[in-house]
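# An overview of the molecular structure
Residues per chain, in single letters:
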Amino acid sequence: AQKITQTQPGMFVQEKEAVTLDCTYDTSDPSYGLFWYKQPSSGEMIFLIYQGSYDQQNATEGRYSLNFQKARKSANLVISASQLGDSAMYFCAMREDSHNNNDMRFGAGTRLTVKP
Amino acid sequence: EPEVTQTPSHQVTQMGQEVILRCVPISNHLYFYWYRQILGQKVEFLVSFYNNEISEKSEIFDDQFSVERPDGSNFTLKIRSTKLEDSAMYFCATHPRRGSNSPLHFGNGTRLTVT
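Below or above, wherever it landed, is the structure these notes cover. (Residues numbered from 1 in each chain as written. Chains lettered and ligands numbered in written order. Predicted model: local features only at pLDDT ≥ 70, side-chain atom pairs only at ≥ 80, totals over all residues. Heavy atoms only, no water.)

### Topic: the overall build of chain A
The secondary structure content of chain A amounts to zero helices and 12 strands. Overall, chain A shows an N-to-C arrangement of helices and strands of β-β-β-β-β-β-β-β-β-β-β-β. Computed over its C-alpha atoms, the radius of gyration of chain A comes to 14 Å, within 12% of the 13 Å expected for a compact globule of 116 residues. Overall, chain A is about 45 × 30 × 20 Å in size when its C-alpha atoms are taken along their principal axes. Taken across its 116 residues, chain A has 49% of its residues classed as buried. (Helix = DSSP H or I, 4+ residues; strand = E, 2+ residues; numbered from the N terminus. Rg over C-alpha atoms; globule rule 2.2 N^0.38 Å. Buried < 20%, exposed > 50% of the residue type's maximum accessible area, 1.4 Å probe, protein only.)

Next comes the structure, spelled out in structure tokens:
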């Protein structure tokens, strides 16, 4: 069963604007972590931001923030003041504490293009 | 900051040949993973490894695949007889402990091309 769903295969945003990348997840585990990674064209996986299931506040890291709506099981990534260098694939991922080996499962990704 | 190191960065091989992809985990990390990403597609879990044995493997990880940590440093993924559809980016990832509250540390990947 698909655990992480990213419904936007591609998104465009104007430079300096904000953009929201959607992510919904499915789990029955009360304890889990949600993550966003950036993958530029060079291919490496760059960790951006983490949200724990018990965290009361939305996570923020510089221009990245995570809009965590636990009841709706969504963990959308918000990028403020987009830059040309933000153009990349973005993956949402989850780790569940009840899962024996704690591996990370990924969504299909969203390709973000920042237009000048 | 310590890094996960993968070699080679790019490997080209002929169909039917064996390949070994190498990963040097961060030194105090105990949990090791291999992931595969076919070009332009999602990152797929292959296998996890802890305490010198496989803890879980996906349906992709068939008898053609194996993993080991022969010398306590390198963590290797072997594909016994490569197929065209094995062409992908292979990522090694590691983690120091159990728990969902921190990210996996990924290497930069090995791009495998099977011709």
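So, next bit.
### Brief notes about the pairing of strand β8 (residues 75–79) of chain B
Along any regular strand the residues' side chains alternate between the sheet's two faces. Residues and elements named next belong to chain B. Across the five residues of β8, four count as buried, placing the element largely inside the fold. Two strands pair when backbone bridges link them, and strand β3 (residues 19–24) and β8 are joined in this way by five bridges, in the antiparallel orientation. Residue pairing in the sheet places leucine 21 in a bridge with leucine 77 of β8. Bridge count for strand β7 (residues 65–68) against β8 is four bridges, and the pairing is antiparallel. Among the inter-strand pairings, valine 67 is bridged to a residue of β8, identified as leucine 77. Hairpin geometry of β7 and β8 is characterised by an intervening segment of six residues between the two adjacent antiparallel strands and by a positive phi of about 75° at glycine 72. (Pairing = 2+ DSSP bridges.)

### What about the packing of aromatic side chains?
As enumerated under the stated definition, the model contains 19 aromatic pairs over all chains in all. Ring plane angle 90° and centroid distance 6.3 Å describe the contact between Phe91(A) and Phe106(A), whose orientation is recorded as edge-to-face. Taken together, the positions of Phe91(A) in strand β10 (residues 88–96) and Phe106(A) in strand β11 (residues 105–106) put the pair 15 residues apart, joining distant regions of the chain. Ring centres 6.1 Å apart and planes at 85° place the aromatic pair Phe91(B) and Phe106(B) in the edge-to-face group. With Phe91(B) in strand β9 (residues 88–95) and Phe106(B) in strand β10 (residues 105–106), the pair connects residues that are 15 residues apart, well separated along the chain. Three or more aromatic residues joined by ring pairs form one cluster here, namely Phe35(A), Tyr37(A), Phe47(A), Tyr50(A), Phe91(A), Phe106(A), Tyr33(B), Tyr35(B), Phe45(B), Phe91(B) and Phe106(B). One Lys or Arg, Arg63(A), reaches over the ring of Tyr64(A) and ends 5.8 Å from the middle of that ring. (Phe/Tyr/Trp six-rings, centres within 6.5 Å; stacked < 30°, edge-to-face > 60°. Lys NZ or Arg CZ within 6 Å of the ring centre and 35° of its normal.)

### Concerning the sheet that holds β3(B)
All names here are of chain B. Reading across the sheet, the four strands line up as β1-β3-β8-β7 and stay open at both edges, with antiparallel pairing between neighbours. Taken across any chain shown, the strands that pair with only one partner, and hence form the sheet edges, are β1 (5–7) and β7. Going across the sheet, the axis of each strand differs from the next one's by a mean of 15°, ignoring polarity. (Axes fitted to C-alpha atoms, helices over the stretch in contact; angles between N-to-C directions.)

### Overview of the interface of chain B and chain A
The partner chain A presents 26 residues to the 23 residues of chain B that form the contact. Buried area between chain B and chain A, summed over both chains or domains, comes out near 2,100 Å², and the portion from carbon and sulfur atoms is 48%. When residues of chain B are sorted by the area they lose upon contact with chain A, Lys42(B), Arg98(B) and Ser100(B) head the list and together hold 27% of the total. Counting across the chain B and chain A interface gives one salt bridge. When the shortest N-O distance is used, the salt bridge between Arg105(A) and Glu56(B) registers 3.4 Å. Where chain B meets chain A, there are seven residue pairs in polar contact (both at pLDDT 80 or more). (Contact = heavy atoms within 4.5 Å. Buried area = accessible area lost by both parts, 1.4 Å probe. Salt bridge = Lys/Arg side-chain N within 4 Å of Asp/Glu carboxyl O. Polar contact = N/O pair within 3.5 Å; in protein donor to acceptor, adjacent residues only side chain to side chain.)

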